[in-house]
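Reading the structure
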Amino acid sequence: MLCDKYEEALIGAAASGAALDSSVGEHVSLCAHCQEILAAQQSMFALVDAGLRTRANVAVPGNFGHRVRAAIQMENPQERRRNSAVLAFGSLAAAAALLIAILLAQSLRHGGKDTAGSVVAESKLQGSPLPPVHIDNGTNLGPSLPRTLYSSGTVWRTSWLREASLRRKVEPEVLVPQGQEELLVKYMQGIAARKARVTISAGLQQEPEMKPVEVPSIEISELVVTPLPDLSSN
Amino acid sequence: MQELVLIQPIRAAEEHWSREAAHAAKRRDFEERLAECGPLAYRVARGVLRNDADAEDVAQEALLRAYRRFDRLRDAQRFRGWLVRIVFRLALDRARSAKRREVRETEWAQPARRPAPATAEELAASSEFQARFDRALDELPEKLRLVLLLAAMEGHTMEEVAAILALPVGTVKSRLFAGRKKLAEKLQCYVTNTKKR
């Protein structure tokens, strides 16, 4: 019973591997029971550590790395398909938005009334989610694109429309049969790759110094016209 | 009638190209990490699941998830810890679902029928002890279990475990101490057995 108060200290010492306190150590050196408890606890923790090591340090299967690499390789096309689906959806949404914008602009142009500097048009569709639209007659961004749209005090700058229109101006759009966009993209990549090679090889060659071509002066002698001998007389 | 779509081919090609290049770079970078951290992922999964096939599946799934979200990892230094957490969580989920199906092993419940091993090492290696030990470890709180497993892996210092788990070294030490102590309490009957021997 007297030894019970030392039990916690003995377990702690066995768990941490630290030395016993002087008072506890003194007692243990004299008490066979506590010595036995300490030894048992030490062997217990050795057992626990051995069990943990056995469980934690298993050999990794030799083909594990290959298996994961193969799974990643399989993952890439799936991911690409996912990306292209997102891209397709995005293009579709962008096309729809563009179409709505064009239709809206056209309906405003026809249905609105002109003022000195601006055109104010009410949305023709009653109860439609589209608000009344105000069009400034400022910079011309294209044949039918509005510059500013606002409704009940809220102004939306349509910079995205401007950017889209600028992008469209820079590069022409091409009509492609659905599902063959990727083929065209690959074709363009091929062309671009060839162009890049040509540029690199041209860049590698040292450009020769440009000098004016020296042409020696040409002397033109007088033209002497000699009549051919008359062969018919023979 | 075939539908037509409008595209800007040069821009599309450039985008496609940059995507491909990004993919290649990501894959290269990830493969380097895979070589470094793949075994760790497997061992953590194996430590929780105690089954080679399940551990392989879970580690592979965790690595794939890590690959998919690799772009979102802001600090590359934290990859190990991030991966360990993914593996551990997946392994715990798998273990829980397996537990529901599993027919309980009763081997550990009849220690008296088996011949008594002579030394602590033999005892630790015996299937009877292992089964009991596994059960005791599975019953530990998750945070203690992960620290115990990582600390028991060869080559891991306390500092490394702390870095992996993004914890202070003191917390790792206290969890390790608490975990080992709890395990020892659960396996107390073996002390009594070895003592008697």
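Above this note sits the structure.
Just so it is clear, the model here is predicted, and its values are computed rather than measured.

**Things to note about the packing of helix 1 (residues 9-49) of chain B against helix 2 (residues 52-68) of chain B**
All names here are of chain B. Where helix 1 meets helix 2, the axes come as close as 8 Å, and the angle between the chain directions of the two elements is 140°. With respect to their mutual orientation, helix 1 and helix 2 come out oblique. By crossing handedness, the relation of helix 1 to helix 2 is classed as right-handed. Note on element contacts: helix 2 touches helix 1 through Asp52, Asp54, Ala55, Glu56, Val58, Ala59, Ala62, Leu63 and Tyr67, opposite Phe30, Leu34, Gly38, Ala41, Tyr42, Ala45, Arg46 and Leu49. Across the contact of helix 1 with helix 2, the residue classes break down as twelve nonpolar, one polar and four charged.

**Considerations on unusual backbone geometry**
All names here are of chain B. In this structure, arginine 50 takes a positive phi of about 60° despite not being glycine. Counting through the fold element by element, arginine 50 comes out in the loop between helix 1 and helix 2. Of note, the phi angle at alanine 166 is positive, near 55°, even though the residue is not glycine. Mapped onto the elements of the fold, alanine 166 is located in the loop between helix 7 (158-165) and helix 8 (169-186).

**Points about the interface of chain B and chain A**
One frequent convention defines the size of an interface as the accessible area lost when the parts assemble. On the side of chain A, 46 residues touch chain B, which itself brings 53 residues to the contact. Sorting the residues of the side of chain B that touches chain A by element identifies strand 1 (4-7), helix 1, helix 2, helix 4 (120-125), helix 6 (142-152), helix 8 and helix 9 (188-196) of chain B as the ones contributing at least two each. In terms of residue count, the dominant contributor to the side of chain B that touches chain A is helix 1 of chain B (19 residues). Split by residue class, the side of chain B that touches chain A holds 31 nonpolar, eight polar and 14 charged. Taken together, the four bridges between strand 6 (residues 174-177) of chain A and strand 1 of chain B define a ladder with antiparallel strand orientation. When the sheet's bridge partners are listed, Val176(A) is paired in strand 1 of chain B with Val5(B).

**Remarks on the nonpolar core**
If you look at the biggest cluster of nonpolar residues, it comprises 63 residues, and the most contacted ones within it are Ala41(B), Val44(B), Ala45(B), Ala62(B) and Val87(B). Counting residues per element, this core draws most heavily on helix 1 of chain B, which supplies nine residues. Aside from chain neighbours lying at most four places away, what touches Ala45(B) is Ala55(B), Val58(B), Ala59(B), Val87(B) and Ala91(B). Val185(A), Ile7(B), Ala12(B) and Ala13(B) belong to the second largest nonpolar core, which has five residues in total.

**Description of the environment of Leu140(B)**
Residue and element names in this part refer to chain B. Note on placement: leucine 140 falls in the loop between helix 5 (127-138) and helix 6. Residue class for leucine 140 comes out partly exposed when judged on the 18 C-beta atoms lying within 10 Å of it. With sequence-adjacent residues up to four places away left out, leucine 140 is seen in contact with Arg145, Gly179, Lys182 and Leu183.

The rules we used
Residues numbered from 1 in each chain as written. Chains lettered and ligands numbered in written order. Predicted model: local features only at pLDDT ≥ 70, side-chain atom pairs only at ≥ 80, totals over all residues. Axes fitted to C-alpha atoms, helices over the stretch in contact; angles between N-to-C directions. Helix = DSSP H or I, 4+ residues; strand = E, 2+ residues; numbered from the N terminus. Parallel < 35°, antiparallel > 145°, perpendicular 65-115°, else oblique. Left-handed = near helix turned anticlockwise from the far one by under 90°. Contact = placed C-beta atoms within 7 Å. Nonpolar A, V, L, I, M, F, W, Y, C, P; charged D, E, K, R; others polar. Pairing = 2+ DSSP bridges. Core = buried A, V, L, I, M, F, W, Y, C linked by C-beta atoms within 7 Å. Buried ≥ 20, exposed ≤ 12 C-beta atoms within 10 Å, placed from the backbone.

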